[in-house]
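Report on the structure
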Amino acid sequence: MDKERFDAACQEVIGAEHERNGIGTLSEKTLHAVLKRYIEPNTENHEVKIGKYFADVVGENGIFEIQTGSFTPLRPKLECLLDYTDVTVVYPMAAVKYLTWLDPETGEVTKPRRCPSKKPIDAFYELVKIKYTLDNPHFHLKLIMLEIHEQRIADGWSYDGKRGSHRIDRFPAQLLDELDFHTPSDFDYFIPCGLDEEFTISEFAKTAKTSYECAQRALSVLCYLERTKQRAKRGKEKLFVRNE
């Protein structure tokens, strides 16, 4: 983690004049552009064609793919790129998030409001979509925890325009932490302390302080990576144990 380099990337990208709907010819959003500059300041190593795909960054440590949205479209690209070299999926998460709204009629912008934050374990909502690549020896994951300021336009269908609204952009304000995962055993980080020898999805969720759905997805991935395994049931609930 290099906060000085991150701040320099923010200043270079956010401080530069760019189109309202993106940066450059690829309509690149601010968050993606900042992270690309942060990972590789040399822009000649950005958007390099590998096979039929363009890689976000190509450097001496392989390929870096920055995924700011759903991981579903990433699957075919990732499977292809992993045949060439090491690939690090960079996933930014809003550990601190502020939201402002733009009134489409008056142009008035609301004061920033703090929103619910994300924790590293929330990454499993997306990681489950690429779980069959997580044990590839060429695969690496980098979670970047950020303070993010998001702007939305109140053009939705609800009375206040917020439901069904559109996001204008997201601006990273501060680098808070980075977490790197290189091997299946690194994912033991997500198994919370304090679990009994046998535990249910509900008990995992409670101990990890996350939702049942997130715990379910996390255990799906952890079982695939052989960090946990399923045993018999306790009543109607599945039982899991940690693999030694």
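Each remark here, short or long, concerns the structure printed above.
Below is a short write-up of the structure. Only a predicted model underlies this, so the values are computations on that prediction, with no experimental measurement involved.

Some details on the environment of Asp 103
In this structure, Asp 103 sits in the loop between strand S4 (87-102) and strand S5 (113-115). Judged by its relative accessible area of 29%, Asp 103 is partly exposed.

Looking at the pairing of strand S2 (residues 53-59)
Of the strand pairs in this sheet, strand S1 (residues 46-50) and S2 are connected by four bridges, and their pairing is antiparallel. Each bridged residue has a counterpart across the sheet, and for Lys 49 the counterpart in S2 is Phe 54. Remark: two residues form the turn of the hairpin made by S1 and S2, two consecutive strands paired antiparallel; Gly 51 in that turn has positive phi of roughly 65°. Looking at chain direction, S2 and strand S3 (residues 62-66) are connected through three bridges and run antiparallel. Pairing of Gly 59 across the sheet is with Gly 62, part of S3. The turn joining S2 and S3, which pair antiparallel and follow one another in sequence, is formed by two residues.

Considerations on the layout of surface pockets
Roughly 400 Å³ of internal volume is contained in the largest pocket. Every residue lining the largest pocket is counted, 18 residues in all, and those nearest its centre are Tyr 91, Ala 94, Lys 97, Lys 118 and Arg 170. Counting residues per element, the ones that place at least two in the lining of the largest pocket are S4, helix H4 (124-127), strand S6 (139-153) and strand S7 (166-181). Among the elements that line the lining of the largest pocket, the one with the most residues is S4, at five residues. Grouping the constituent residues of the lining of the largest pocket by class yields eight nonpolar, three polar and seven charged.

Looking at the nonpolar core
Among the nonpolar cores identified, the biggest contains 42 residues, and Leu 127, Leu 143, Phe 187 and Phe 204 are the most heavily contacted of them. Among the secondary structure elements, those contributing two or more residues to this core are helix H3 (74-81), S4, H4, S6, S7, helix H5 (201-208) and helix H6 (212-224). Considering every element that reaches this core, the biggest residue donor is H6, with six residues. Residues in contact with Phe 204, not counting those within four places in the same chain, are Ile 121, Phe 190, Ile 191, Pro 192, Leu 195, Phe 199, Ala 215, Ala 218, Leu 219 and Leu 222. Counting 19 residues, the second-largest nonpolar core is a separate cluster that includes Val 34, Leu 35, Ile 39 and Leu 175.

Cut-off values and rules
- Every residue gets a number counted from 1 within its own chain, in the order that chain's sequence is written.
- Since the coordinates come from a predicted model, pLDDT governs what is reported: local features require at least 70, and pairs of side-chain atoms require 80 or more to be given and counted, while whole-chain, interface and lining totals use all residues.
- In computing side-chain values, all of the structure's heavy atoms are included and hydrogens and water are not.
- By the criteria applied, helices consist of DSSP H or I runs no shorter than four residues and strands consist of E runs no shorter than two, each listed in order from the N terminus.
- Relative accessibility decides the category of a residue: with a 1.4 Å probe and only protein chains considered, values under 20% of the type maximum give buried, values over 50% give exposed, and everything between is partly exposed.
- Strands qualify as paired when DSSP identifies two bridges or more between them.
- A pocket here means an open set of points on a 1 Å grid, computed over the protein atoms alone, that has protein on both sides within 12 Å along at least five of seven lines. A cavity is instead a set of points where a 1.4 Å probe fits but cannot get out; residues with an atom within 4 Å of a point line either one.
- Grid points are joined across faces, edges and corners, and a volume is the space filled by probe spheres set on the points.
- Residues are grouped as follows: Ala, Val, Leu, Ile, Met, Phe, Trp, Tyr, Cys and Pro are nonpolar; Asp, Glu, Lys and Arg are charged; every other residue, Gly included, is polar.
- Among buried residues, the Ala, Val, Leu, Ile, Met, Phe, Trp, Tyr and Cys ones that are joined through side-chain atoms within 4.5 Å form a nonpolar core.
- Throughout, a contact is declared for two residues whenever any of their heavy atoms are within 4.5 Å.

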